[in-house]
Amino acid sequence: MFKRNIWEIIPNLKINGKLAPYPVVDDNAVRAWAGLMFILWMIAFVYSLTTHTPLLANIIVPIIAIDLLIKVIIWPKYSPFMIMWSYLVKNKEPEWVWAKQKQFAWIIWLAIAFIVLWFLLILGKCGPAMLFCLICLVFMWAEAVLWNCIWCNIYILLKKKWYIKEEEFSPVCPWWVCDIKK
C-alpha cells in the first residue's frame, strides 16, 4: 500500500527560510483530492439534474462525507481518497503549507455534505441539495484548477479581522494568503 505523510509536524522543517513548527499538509495532494471531489460532485449533480432523481447523490455524498469525517476527526493521512490521490503527486516535490486553514475548509465541506444529506435523505428535497452541490462545485473547482482555496482565504480574512486567535508564528499558506499586513 502506498503511504505518504500528508499532514504532520516535520521537525526542523524550513519553508522559505523560516522554521515551520506547525502542522503542514502537502498542498499538491490536497489539490489532487479537490479534483477528485469535484469530479464526484459533478457526476452526482449532473445525474440529479438530468434524471430528476438524487440516486447517485444519495451514494456519492455519503462517501464524500465519510472521507471528510476521517480527514477532520481522525487524521487526513488516513483519508482513503487523500491516500489514493496523493499517489498522483508522489513524484512531485511536496509543497508544504499550514494545515489549519485546510482543516477549516474541510470542516465547512463536511457541514455542506451533511446539509446536502439532510435535504436528500431526511427531507427528500433535491432542489436545495443541488444548490449546495453547486456551491461545492464552484469552490472545489477553484481549489483544483485555480489552486485557490476560497475557504482558506475566508479563514485568513477572519484572522485579519481578529475573529480567530493570532498565531505566535507566521504560517506559510498557498499563494501567500497568510501574509497578514497589519
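Computed from a prediction, not measured in an experiment: that's the story for all the values here.

Some words on the overall build of the protein
Point 1. Scanning the protein from terminus to terminus reveals six helices and five strands.
Point 2. Listed N to C, the secondary structure of the protein is β-β-β-β-α-α-α-β-α-α-α in terms of helices and strands.
Point 3. In the protein, buried positions account for 48% of the 182 residues.
Point 4. Counting only carbon and sulfur atoms, one obtains 69% of the accessible surface of the protein, whose full area is about 9900 Å².

Observations regarding the packing of helix 1 (residues 27-51) against helix 2 (residues 55-74)
Point 1. Taken N-terminus to C-terminus, the directions of helix 1 and helix 2 make an angle of 155°; their axes are 8 Å apart at the nearest point. In terms of axis orientation, helix 1 runs roughly antiparallel to helix 2. Crossing angle aside, the handedness with which helix 1 passes helix 2 is left-handed. Where helix 1 abuts helix 2, its residues Trp33, Met37, Leu40, Trp41, Ile43, Ala44, Tyr47 and Ser48 lie against Leu55, Leu56, Ala57, Ile60, Val61, Ile64, Asp67, Leu68 and Lys71.
Point 2. Here the residues of the contact of helix 1 with helix 2 sort into 14 nonpolar, one polar and two charged.

A word on empty space enclosed by the protein
Point 1. The final tally for this structure, using the stated rule, is one cavity of 30 Å³ or more.
Point 2. As a volume, the largest cavity reaches approximately 50 Å³.
Point 3. Forming the walls of the largest cavity are Val30, Trp33, Ala34, Lys102, Ala105, Trp106, Trp109, Met140, Glu143 and Cys149.
Point 4. Counting only elements with at least two residues in the lining of the largest cavity, the list comes to helix 1, helix 4 (100-123) and helix 5 (126-144).
Point 5. Of all the elements, helix 4 adds the most residues to the lining of the largest cavity, at four residues.
Point 6. Taken together, the residues of the lining of the largest cavity sort by class into eight nonpolar, no polar and two charged.

Focus on a nonpolar patch on the surface
Point 1. On the surface, a nonpolar cluster with roughly 610 Å² of combined accessible area is contributed by Leu69, Ile73, Ile74, Trp75, Tyr78 and Phe114.
Point 2. Structurally, the position occupied by Trp75 is in the loop between helix 2 and helix 3 (80-86).
Point 3. Among the residues examined, Trp75 registers a relative accessible area of 34% and is labelled partly exposed.

A short note on unusual backbone geometry
Point 1. Unlike most non-glycine residues, Asn12 shows phi in positive territory, near 60°.
Point 2. With respect to the element layout, Asn12 can be found in the loop between strand 1 (7-8) and strand 2 (14-15).
Point 3. One non-glycine residue, His52, lies in positive phi territory at about 60°.

The rules behind the values
- Residues numbered from 1 in each chain as written.
- Predicted model: local features only at pLDDT ≥ 70, side-chain atom pairs only at ≥ 80, totals over all residues.
- Heavy atoms only, no water.
- Helix = DSSP H or I, 4+ residues; strand = E, 2+ residues; numbered from the N terminus.
- Buried < 20%, exposed > 50% of the residue type's maximum accessible area, 1.4 Å probe, protein only.
- Areas by Shrake-Rupley, 256 points an atom, 1.4 Å probe, with all protein chains shown as cover.
- Axes fitted to C-alpha atoms, helices over the stretch in contact; angles between N-to-C directions.
- Parallel < 35°, antiparallel > 145°, perpendicular 65-115°, else oblique.
- Left-handed = near helix turned anticlockwise from the far one by under 90°.
- Contact = heavy atoms within 4.5 Å.
- Nonpolar A, V, L, I, M, F, W, Y, C, P; charged D, E, K, R; others polar.
- 1 Å grid on protein atoms, 1.4 Å probe; cavity = no way out; pocket = protein on both sides within 12 Å on 5 of 7 lines; lining within 4 Å.
- Points joined across faces, edges and corners; volume = space filled by probe spheres on them.
- Patch = residues over 30% accessible without salt bridge, like charges linked within 9 Å, V, L, I, M, F, W, Y side chains within 5 Å.
- Salt bridge = Lys/Arg side-chain N within 4 Å of Asp/Glu carboxyl O.

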